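Fold and contact review
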Amino acid sequence: MQTQTTRIISILCAGKGIFQALLFFFLCCFLVAAPSVAAPGNFTLDFTTIRLGDDAPELTQAIPAVVRPDDSVAANADTDAAVQQATPASPVVLVVGGIQGDEPGGFSAATLLTTHYTIRKGVLWVVPNLNFPSIIKRSRGLHGDMNRKFAKLDDHDPEFGTVRRIQELISHPRVGLVLNLHDGSGYYRPTFEDKLRNPNRWGQSVIIDQEALDGVFMGSLGNEARQAAESANSKLLSPQHALHVHNTRTAEGDHEMDKSLSYYAVRQGKAAFGLEASKEFPVEVRAYYHLLMVESFLAQAGVEFTRGFALTPEGVREALLDKLDVTFADNKVFLPLEDVRPAINLLPLSKDAPAQAVTSKPIMAVLPCAKGEEGQYCVHYGNRMITLIRPDWREMDHSITGMRVLADGRETEAPFGQVLEVSKSLLVQPTEGYRVNAIGFDSGRKDESGEVMALKDFQSRFSVDRQGRLYRVEVYKDQRFSGMFLVRFGSGSNRLTSKETPSIPTDRLPDKPGQESNLGF
């Protein structure tokens, strides 16, 4: 499923044309020290820029280190170049999430744009994890409020590089519209109604810095904001959730807002809006309202798209929970995390593998655990830690990529980094020079190839999942680790009864409950 690791800042997620075949989600999560000696908290996280849609060639050159498939250009290079020269480039829509780490509705919605949307016309850039360290720690800002650092910033500030890079992205000549996604307290109202609904609240609002920005794309800021609010208000879950436009009139003396990302964009001649969902809602409802607003702005900007889920709170929730996984060691190790146990013990890894983990969503990271024993790694999804990994450090063997097996009596290949679905039984065929260790299956033999394995033969406490159906099958050449695949025993097995249907876990959403800031945009 995963293709390669990365430490780059920008990544390409093409929605159509010559790039339709591949969708990359690379996470920049490299550690300062080697994994075997990394101290808790001693890591560096950088934000990712994910690009969807058709891009002109000069755009690729403008942002360094964009990855393309090796064969993505050659076949139609002349035709595509001619089309791009003849067609004026459309303005890029830039969506930013996670500037404040305790606002999961915003960065969750931005993440769904990268994982579940296909851009059919136009260009969308998404930064879902701008203040990634603060997201991990569920903090408004580990080094102060990043959304107050866009007017003046000391070059010794720990976030100086991050702020300068997002400023460069905003200032890119192709960027025409900037949407900054936030979660705000209460419900903004132009006049006082009660303590949750008044002009000092920020939730459920579209924020503009001024009524208009003359001579630029979508520069009628007030009108564009009102159209987006009206569009979202047509799909309210409750009349109390109504969105309003909040004009901060920043240039008239709002010295807090003139430090913000959105006003920096306005000063660069870009149409910019702050989108606020209320902190009174659970994360799926916040993301629902964010996406209603974002989709309206995309339509106003002429961006056409399709979406891979129903835009309802339930559909958002399911999309946030699906396809959570991480791979290590060039896909020799693959872990699905939707129903993962709280800890995975003695996972065979090389000492550089945690620093090169590849995750399925851009707000996921594998980092040294802040608490616990040295050498333990925590897998984070937004604000939440979803499992702990205790590695078994191994040298790697690269001589094979999988094993031949009999799955329910049928001969097939079991590639490393994959899940093999089995109804009743599995047998790994012996291969000279290699030994098999099925975790949780105790045959009393050092090499468990040639053994018939059924679900009843496994100890459930060794399973990868909490349902006790998914198990690791590891392969070694002498003491070196060659790779592993997973076996999932399905409906033909008899550990679960029909009344014990697995439920969707409730502790995998990217918003660990806790205190959130009541400060404004």
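First, a word on what this report is: a plain description of the structure on this page. Not measured: the values here are computed from a predicted model. (Residues numbered from 1 in each chain as written. Predicted model: local features only at pLDDT ≥ 70, side-chain atom pairs only at ≥ 80, totals over all residues. Heavy atoms only, no water.)

**Topic: the state of the cysteines**
- A complete count under the given rule lists one disulfide for this structure.
- With its sulfur 2.1 Å from that of its partner, Cys369 forms a disulfide with Cys378. Between Cys369 and Cys378, the S-S torsion sits near 115 degrees, and that sign places the bridge as right-handed. An identical accessibility class is assigned to Cys369 and Cys378; each is buried. (Disulfide = S-S within 2.5 Å. Buried < 20%, exposed > 50% of the residue type's maximum accessible area, 1.4 Å probe, protein only.)

**Some details on the side chain of Asn147**
- Within the secondary structure layout, Asn147 lies in the loop between helix 4 (132-137) and helix 5 (160-171).
- For Asn147, a relative accessible area of 0% corresponds to the buried category.
- A polar side-chain atom of Asn147 sits 3.0 Å from the main-chain amide nitrogen of Leu261. (Helix = DSSP H or I, 4+ residues; strand = E, 2+ residues; numbered from the N terminus. Polar contact = N/O pair within 3.5 Å; in protein donor to acceptor, adjacent residues only side chain to side chain.)

**Digging into the packing of helix 3 (residues 104-116) against helix 8 (residues 283-300)**
- Remark: helix 3 packs on helix 8, axes separated minimally by 8 Å, with the N-to-C direction vectors making an angle of 60 degrees. Here helix 3 is positioned oblique relative to helix 8, judged by the angle of their axes. The element helix 3 and its partner helix 8 pack so that their crossing is right-handed. Here Pro104, Gly105, Gly106, Ser108, Ala109, Leu112 and Leu113 of helix 3 come into contact with helix 8, specifically with Val283, Arg286, Ala287, His290, Leu291 and Val294.
- Its residues placed into classes, the contact of helix 3 with helix 8 shows eight nonpolar, four polar and one charged. (Axes fitted to C-alpha atoms, helices over the stretch in contact; angles between N-to-C directions. Parallel < 35°, antiparallel > 145°, perpendicular 65-115°, else oblique. Left-handed = near helix turned anticlockwise from the far one by under 90°. Contact = heavy atoms within 4.5 Å. Nonpolar A, V, L, I, M, F, W, Y, C, P; charged D, E, K, R; others polar.)

**Regarding unusual backbone geometry**
- You will see that Gln204, though not glycine, has its phi angle at about 55 degrees, which is positive.
- The residue Gln204 is located in the loop between strand 8 (197-198) and strand 9 (205-208) in this model.
- For Gln204, a relative accessible area of 0% translates into the label buried.
- Positive phi outside glycine occurs at Leu346, with the angle close to 55 degrees.
- A residue is classified by how much of its surface remains accessible, and Leu346, at 55% relative accessible area, is exposed.

**Let's talk about the environment of Ala407**
- On the secondary structure map, Ala407 appears in strand 20 (residues 402-407).
- Measuring from C-alpha to C-alpha, the distance between Ala407 and Met453 comes to 9.7 Å, with 46 residues separating the pair along the chain.
- Apart from residues lying up to four places away in sequence, Ala407 is in contact with Thr412, Leu420, Val422 and Ser425.

**Some words on the nonpolar core**
- Grouped together as the largest cluster of nonpolar side chains are 110 residues, with contacts concentrated most on Ile166, Leu179, Phe273 and Phe328.
- A per-element tally of this core places helix 8 first, with 11 residues.
- In this view, Leu179 contacts Val93, Leu94, Val95, Val96, Phe273, Leu275, Val294 and Phe297; residues no more than four positions away in its chain are not counted. (Core = buried A, V, L, I, M, F, W, Y, C linked by side-chain atoms within 4.5 Å.)

**Brief notes about the packing of aromatic side chains**
- Counted under the stated rule, the structure contains 12 aromatic pairs.
- Centroid distance Phe150 to Tyr264: 6.2 Å. Interplanar angle 50 degrees. Geometry classified as tilted. Remark: Tyr264 occurs in helix 7 (residues 261-267) and Phe150 occurs in the loop between helix 4 and helix 5; sequence separation between them is 114 residues.
- Judged by its relative accessible area of 1%, Phe150 falls in the buried class.
- With a centroid separation of 5.6 Å and an interplanar angle of 35 degrees, the aromatic rings of Phe281 and Tyr289 are classed as tilted. Taken individually, Phe281 and Tyr289 each receive the classification buried, so the pair is uniform in this respect. (Phe/Tyr/Trp six-rings, centres within 6.5 Å; stacked < 30°, edge-to-face > 60°.)

**Remarks on the sheet that holds strand 20**
- Taken in spatial order, the four strands make up an open sheet running 21-20-23-25, and their pairing is antiparallel. Since the sheet does not close on itself, it has two edges, and those belong to strand 21 (410-415) and strand 25 (453-454), each with one partner.
- When strand 23 (residues 425-428) meets strand 25, the two strands line up antiparallel, connected through two bridges. By the bridge assignment for strand 25, Leu426 is matched with Met453. (Pairing = 2+ DSSP bridges.)

**A closer look at the pairing of strand 10 (residues 244-247)**
- Bridge count between strand 9 and strand 10: four bridges; the pairing is parallel. The residue bridging Ile207 from the neighbouring strand is His246, located in strand 10.
- Considered for its hand, the β-α-β crossover made up of strand 9, helix 6 (residues 221-233) and strand 10 is right-handed. (Right-handed = clockwise from strand over helix to strand, strands pointing away.)

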